[in-house]
Amino acid sequence: MMNKSEILTTEDGSFTIKNNLFDETYHSVNGAYAESMHVFINSGFLHLQATTINVFEVGFGTGLNALLTFIEAQKLKKKVNYVCIEKFPIDIKQAKSLNYDKLSEDKSAFLKLHTLEWNKKHYLSDYFEFSKICQDFTLYSFIQQFDLVYFDAFSYETQPEMWSLEIFEKIYKSINKNGIIVTYSSKGIVKQNLRAAGFFVKRLKGFKKRHILRAEKF
Ligand SMILES: C[S@@+](CC[C@H](N)C(=O)[O-])C[C@H]1O[C@@H](n2cnc3c(N)ncnc32)[C@H](O)[C@@H]1O
């Protein structure tokens, strides 16, 4: 599919992409950076105590969640194995026009996330192993277990197939005991499907919206 999209500036000054085919932005227009920090880093990554964390991201997109996780891993000296999947990769020209590179001390890290070869494991630092899979997540079979899943697909309204019971059952089986999944959505059907898949679902305060979800496997 052609990736017809444009760059937008969000309220905190960080950029995001608007995909005109799906008519969706990749982040909240109220702040791309602030939203990613709230939903995925503060409510997900920093919630786990372990010093080695296996992270799986559904929807690599702009790479912002991957970059923020890389920054935290460096800061906290936690070993992260980060695997992400993306069906519609953005092109390098678009990645270059995003203003995320200055977020990390290592200014080259952001672009590396985009230019590194797909379907291969890379070592960005002593703390960050990284692989991206170019595939449709609905057709994907996990080959390893994870502690943390960032669920960042487009909305339920746009892609109901991504938020189905079948999808959450697949994730549940691939999450370790005490592992979690975090997502920006708190829609009733999403909660219901997460619970039916076996997760204990908790509603947390949202970023400029009422709620987000963190679901745990006991
Ligand atoms: C809300 S955006 C978020 C992207 C990313 N996490 C970020 O911070 O930019 C959703 C992403 O999911 C990807 N996506 C949509 N359907 C997918 C599928 N079936 N399999 C894999 N990725 C998919 C989209 O192309 C898009 O990059």
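In this text, all values refer to a predicted model and were calculated from it rather than measured experimentally. (Residues numbered from 1 in each chain as written. Predicted model: local features only at pLDDT ≥ 70, side-chain atom pairs only at ≥ 80, totals over all residues.)

Student: Describe in detail the overall build of the chain, supporting the description with residues and values.
Tutor: Broken down by element type, the chain carries six helices and eleven strands. Over its C-alpha atoms the chain spans a radius of gyration of 16 Å, differing by no more than 12% from the 17 Å that the globule rule assigns to 218 residues. The principal-axis extent of the C-alpha atoms belonging to the chain is close to 40 × 40 × 30 Å. Buried positions account for 38% of the 218 residues belonging to the chain. Here the analysis covers contacts within the chain between residues at least 6 apart in sequence; of these, 65% occur between residues at least 24 apart. (Helix = DSSP H or I, 4+ residues; strand = E, 2+ residues; numbered from the N terminus. Rg over C-alpha atoms; globule rule 2.2 N^0.38 Å. Buried ≥ 20, exposed ≤ 12 C-beta atoms within 10 Å, placed from the backbone. Contact = placed C-beta atoms within 7 Å.)

Student: For the nonpolar core, give the residues involved together with the corresponding values.
Tutor: Counting 51 residues, the largest nonpolar core has Val55, Leu67, Tyr82, Val149, Ile181 and Val182 as the members making the most contacts within it. Valine 182 has contacts with Val39, Phe40, Ser43, Gly44, Tyr150, Phe151, Leu213 and Arg214, leaving out every residue within four places of it along the chain. (Core = buried A, V, L, I, M, F, W, Y, C linked by C-beta atoms within 7 Å.)

Student: I'd like to hear about the sheet that holds strand E9 (residues 175-183), residue by residue, with values.
Tutor: The strand order across the open sheet formed by eight strands is E6-E7-E5-E4-E8-E9-E11-E10, and the pairing between neighbours is mixed. Bordering the open sheet on either side are strand E6 (122-125) and strand E10 (200-205), each of which pairs with just one other strand. The mean inter-strand angle of the sheet, taken between neighbouring strand axes irrespective of direction, is 20 degrees. Helix-sheet contacts for helix H6 (residues 188-197) involve E10 and strand E11 (211-216), and the interaxial angle to E11 is about 5 degrees. (Pairing = 2+ DSSP bridges. Axes fitted to C-alpha atoms, helices over the stretch in contact; angles between N-to-C directions.)

Student: I'd like a description of the environment of asparagine 178, backed by residues and values.
Tutor: With respect to the secondary-structure elements, asparagine 178 resides in strand E9. Along the backbone, asparagine 178 and aspartate 147 are 31 residues apart, and their C-alpha atoms lie at a distance of 7.5 Å. Sequence-distant contacts of asparagine 178, defined by excluding residues within four places in its chain, comprise Glu216 and Lys217.

Student: Any chance you could break down the pairing of E9 for me, citing the residues and the numbers?
Tutor: Pairing geometry for strand E8 (residues 146-151) and E9, over five bridges, is parallel. Considered in E9, the bridge of tyrosine 150 is made with valine 182. For the crossover from E8 across helix H5 (residues 165-173) to E9, the handedness is right-handed. By the bridge criterion, four bridges tie E9 to E11 in an arrangement that is antiparallel. When the bridges of E11 are listed, threonine 183 appears paired with leucine 213. (Right-handed = clockwise from strand over helix to strand, strands pointing away.)

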